[in-house]
Amino acid sequence: MSDPDLDAAYRLQTPEDSVRLYRDWSQSYDAGFAQAQGYLLPAAVADAFAEAGGAAPVLDVGAGTGLLAARLAEHGIGPIDALDISPEMLALAASKGVYRASHCLDLTQPLPLADASYVGVTSSGTFTFGHVGPAAFDELLRIAAPGALFALSIHTGVFEPAGFAAKLAELGGAIAGLMLTEVAIYGPDADTAHRDHRGLIARFRKA
Ligand SMILES: C[S@@+](CC[C@H](N)C(=O)[O-])C[C@H]1O[C@@H](n2cnc3c(N)ncnc32)[C@H](O)[C@@H]1O
């Protein structure tokens, strides 16, 4: 079987699909995907979180192999906990030594985490085609402390169609200071099908 790729990831439909795909993709994800495509998004989200004064403890949502947390650590931000549905991706992330704890959980379900546990919530590459929708924001806000900073990437291709724009509007006074910054997801040497893909980094605080 060939390694999974970005197109297969964008075609996922269920959390179970994600568990299977990322089990098979975990070993080649960093070199075969992130390096090969010049994947810019995890560092861009981490930099945006740091620039806005983000503090720890941070929950990194859809943490994958830990690329975002590695950049947060370079900013001196920690402790950082990882949340992901894939045990194989979490194992790789844990091996890099940047996370305090790992939570193998499904973002589409209620999270067994206490209210107001985190003062920062980050995510790159998880709110995208075939992955996690905006309904997850309710649980993420519940486990965030008042004033907690969020920095979450949302693929521009799902922002309106999958209801992210409507969800952010609906949250109204539950969030404050919403800023949307458009960034390139991949580098100039990415394959031609994905080179122009863009993401929005949504930054806001829990009110
Ligand atoms: C494209 S990867 C991004 C990983 C990492 N943040 C990065 O930027 O390299 C998406 C991640 O979301 C996770 N994921 C997909 N569906 C999920 C769900 N329902 N709950 C939690 N994590 C999920 C996958 O296992 C995968 O690690």
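So, on to the overall build of the protein chain. When its secondary structure is counted, the protein chain shows 8 helices and 7 strands. Its C-alpha atoms give the protein chain a radius of gyration of 16 Å, near enough to 17 Å, the size a compact globule of 207 residues would have. Oriented by its inertia axes, the alpha-carbon framework of the protein chain measures out at about 45 × 35 × 30 Å. When burial is assessed residue by residue, the protein chain has 50% of its 207 residues classed as buried. Partitioning the contacts of the protein chain with sequence separation of at least 6, the portion at a separation of at least 24 is 67%. Both charge centroids of the protein chain, one from 13 positive and one from 24 negative side chains, sit 4 Å from each other.

With that settled, the discussion passes to the site of the ligand. In the vicinity of the ligand, 22 residues are found, and the nearest of them are Y29, Y39, G62, D84 and S124. Here a nitrogen atom of the ligand sits 3.4 Å away from a polar atom, N or O, in the side chain of S18. For the ligand, whose unbound accessible area comes to 600 Å², protein coverage reaches 97%. If you list the elements that add at least two residues to the shell around the ligand, you get α2 (15-35) and β4 (118-127).

With that out of the way, let us pick up the packing of aromatic side chains. Taken as a whole, this structure holds 12 aromatic pairs when the rule is applied. Among the aromatic residues, those joined into a cluster by ring pairs are Y22, W25, Y29, F33, Y39 and Y186.

One open sheet accounts for 7 strands, arranged β3-β2-β1-β4-β5-β7-β6; its pairing is mixed. Of all strands in the sheet, those with a lone pairing partner are β3 (101-104) and β6 (175-184), marking the two edges. Within the sheet, the average angular offset between the axes of one strand and its neighbour, ignoring direction, is 15°. Helix-sheet contacts for helix α5 (residues 87-95) involve β2 (80-84) and β3, and the interaxial angle to β3 is about 175°. With respect to the sheet, helix α6 (residues 136-143) is in contact with β1 (58-61), β4, β5 (144-155), β6 and β7 (198-206), its orientation differing from that of β5 by roughly 150°.

Along the chain, T108 falls in the loop between β3 and β4. Under the relative-accessibility criterion, T108 is labelled partly exposed at 44%. The spatial distance from the C-alpha of T108 to the C-alpha of T122 is 16 Å, given a sequence separation of 14 residues. Here the side chain of T108 touches D106 through a polar contact of 2.8 Å, side chain to side chain.

This next bit is on the side chain of S86. Counting through the fold element by element, S86 comes out in the loop between β2 and α5. There is a polar contact of 3.1 Å between the side chain of S86 and the backbone nitrogen of M89. Residues in contact with S86, not counting those within four places in the same chain, are Y22, R23 and C104.

Here the amide bond leading from A56 into P57 is cis, since omega sits at 5°, within 30 degrees of zero. Mapped onto the secondary structure, P57 falls in the loop between α3 (41-51) and β1. At the junction of G78 and P79, the peptide bond is cis and its omega measures out at 5° in the coordinates. Within the fold, P79 resides in the loop between α4 (67-74) and β2. Here A116, not a glycine, exhibits a phi torsion of approximately 55°, which is positive.

Rules used throughout
- Residues numbered from 1 in each chain as written.
- Predicted model: local features only at pLDDT ≥ 70, side-chain atom pairs only at ≥ 80, totals over all residues.
- Heavy atoms only, no water.
- Helix = DSSP H or I, 4+ residues; strand = E, 2+ residues; numbered from the N terminus.
- Rg over C-alpha atoms; globule rule 2.2 N^0.38 Å.
- Buried < 20%, exposed > 50% of the residue type's maximum accessible area, 1.4 Å probe, protein only.
- Contact = heavy atoms within 4.5 Å.
- Lys, Arg positive; Asp, Glu negative; His and termini not counted.
- Charge placed at Lys NZ, Arg CZ, Asp CG, Glu CD.
- Near = heavy atom within 4 Å.
- Polar contact = N/O pair within 3.5 Å; in protein donor to acceptor, adjacent residues only side chain to side chain.
- Areas by Shrake-Rupley, 256 points an atom, 1.4 Å probe, with all protein chains shown as cover.
- Phe/Tyr/Trp six-rings, centres within 6.5 Å; stacked < 30°, edge-to-face > 60°.
- Pairing = 2+ DSSP bridges.
- Axes fitted to C-alpha atoms, helices over the stretch in contact; angles between N-to-C directions.

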